[in-house]
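# Structural description and commentary
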Amino acid sequence: MIPNPENQVVASTLAALFERDFADQASESPVDLATWEQTLLGPALSFARRPSKRFRARLTENFWFLFGGDPTKIPTELPNLIELIHAGSLIVDDIQDGSQTRRGEPSLHNIIGTGPAINTGNWLYFLGLSLIPQLRLSPAVTARAFQEVTSVMLRCHQGQALDLGVRVFELPRSQITTTVAEITSLKSGALAELCGVLPGLATGAQDTKLGAARDFCRHLGVGLQMLDDIGSIRSRRDKGLEDLQLARPTWAWAWLAEVASDVDFVRASRLARDVHAGADTGELFDLLDRSSSLGASRAGAHLERARQRLDAEFASSPAHTAIASEIDRLERSYG
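Right, let's walk through the structure included here.

For the structure shown, the criterion picks out 0 disulfides. Among the cysteines around C156, which has no disulfide bond, C195 carries the closest sulfur, lying 11 Å off. With a relative accessible area of 19%, C156 lands in the buried category.

Right, let's get into the pattern of salt bridges. Two side chains bearing opposite charge may form a pair once their charged atoms approach each other closely. Inspection of the entire model under this criterion finds 22 salt bridges. With a closest N to O distance of 3.2 Å, E193 and R218 form a salt bridge. Of this pair, E193 sits in helix α8 (residues 173–203) while R218 sits in helix α9 (residues 207–234); the two residues are 25 residues apart in sequence, bridging distant segments of the chain. Among the residues examined, E193 registers a relative accessible area of 2% and is labelled buried. One salt bridge connects R307 with D328, and the closest N-O pair in it is separated by 2.9 Å. Here R307 is found in helix α14 (residues 292–313), whereas its partner D328 is found in helix α15 (residues 318–334), with 21 residues between them in sequence.

With that settled, consider the nonpolar core. By size, the foremost hydrophobic cluster in this structure holds 97 residues, and its most contacted members are L14, F63, F216 and W253. Sorting elements by how many residues they give to this core places α9 first, with 12 residues.

The phi torsion at R103 lies on the positive side, around 55°, for a residue other than glycine. With respect to the helices and strands, the residue R103 is situated in the loop between β1 (101–102) and β2 (105–106). The backbone of A247 shows a phi angle near 55°, a positive value even though the residue is not glycine. Note that A247 resides in the loop between α10 (237–245) and α11 (251–259). Given a relative accessible area of 2%, A247 falls into the buried group.

Parameters and conventions
- Residues numbered from 1 in each chain as written.
- Predicted model: local features only at pLDDT ≥ 70, side-chain atom pairs only at ≥ 80, totals over all residues.
- Heavy atoms only, no water.
- Disulfide = S-S within 2.5 Å.
- Buried < 20%, exposed > 50% of the residue type's maximum accessible area, 1.4 Å probe, protein only.
- Salt bridge = Lys/Arg side-chain N within 4 Å of Asp/Glu carboxyl O.
- Helix = DSSP H or I, 4+ residues; strand = E, 2+ residues; numbered from the N terminus.
- Core = buried A, V, L, I, M, F, W, Y, C linked by side-chain atoms within 4.5 Å.

This is how it looks when you write it as structure tokens:
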């Protein structure tokens, strides 16, 4: 992935928040500033500077414009708080999954250790939350924003519990699709919701438009996870390997459950159990790849429904066009 200068925005935000919380108190703290920088700021900065798609930040900015926000006064805290929470979730996910790499570099826990990485990820969660008061909204809207963000983080953890605790070969065939859909909605879909909801709250949007933004962003998050799961089988098999070894229920399994013959599905389930125990993954990759064409079609249809939800509530505008273009760009990037 090509490094993007936009990644420095989150890094700059991290440095500024560190300055806010530590540098101004340096003369009063028994711990010198350099130690805080080494143990807290440094690991977070090293992760934040890695290249990423940063689509949540751009989506948040576009919704600010779509809701009629002043283009010269977009609060940088809006996209940054979502990016900080997302970064924290990736660090923690990598620990829970035993992932070796993230964004082209070793996973953070493989560099600084599991304990410090957990702390860094959790710090980023709360650092994101600490940006809400800086939006300078009314007390009622500030309380609503806190409620929305904490609700999303709660749902993300509920989805992660399913993702970590369910083995695909233990699920009845009839429950695979509903389980995958629930995991994706609670994780990818919920976090994406904030990209539309927070700008809507900040600009005083009507509930109908806020609901449309929420639905669109959730469907977008789910559709992009579908594309990500396809890529993990077709092209990014390092990530796919991880999912197979952990026997994770993914969209590739949901589509296989839909189209495979009884014989092939029983064989795939047996292979999933064997791979989880350490067997080779080649044959299972091949079986799952057979449903990837259906998956591409389903992902495209899901994203089209998201577009239609947006079109139904928002009139055509430059921001509307920018969001549509962003969906097209993301579809290509997952290709």
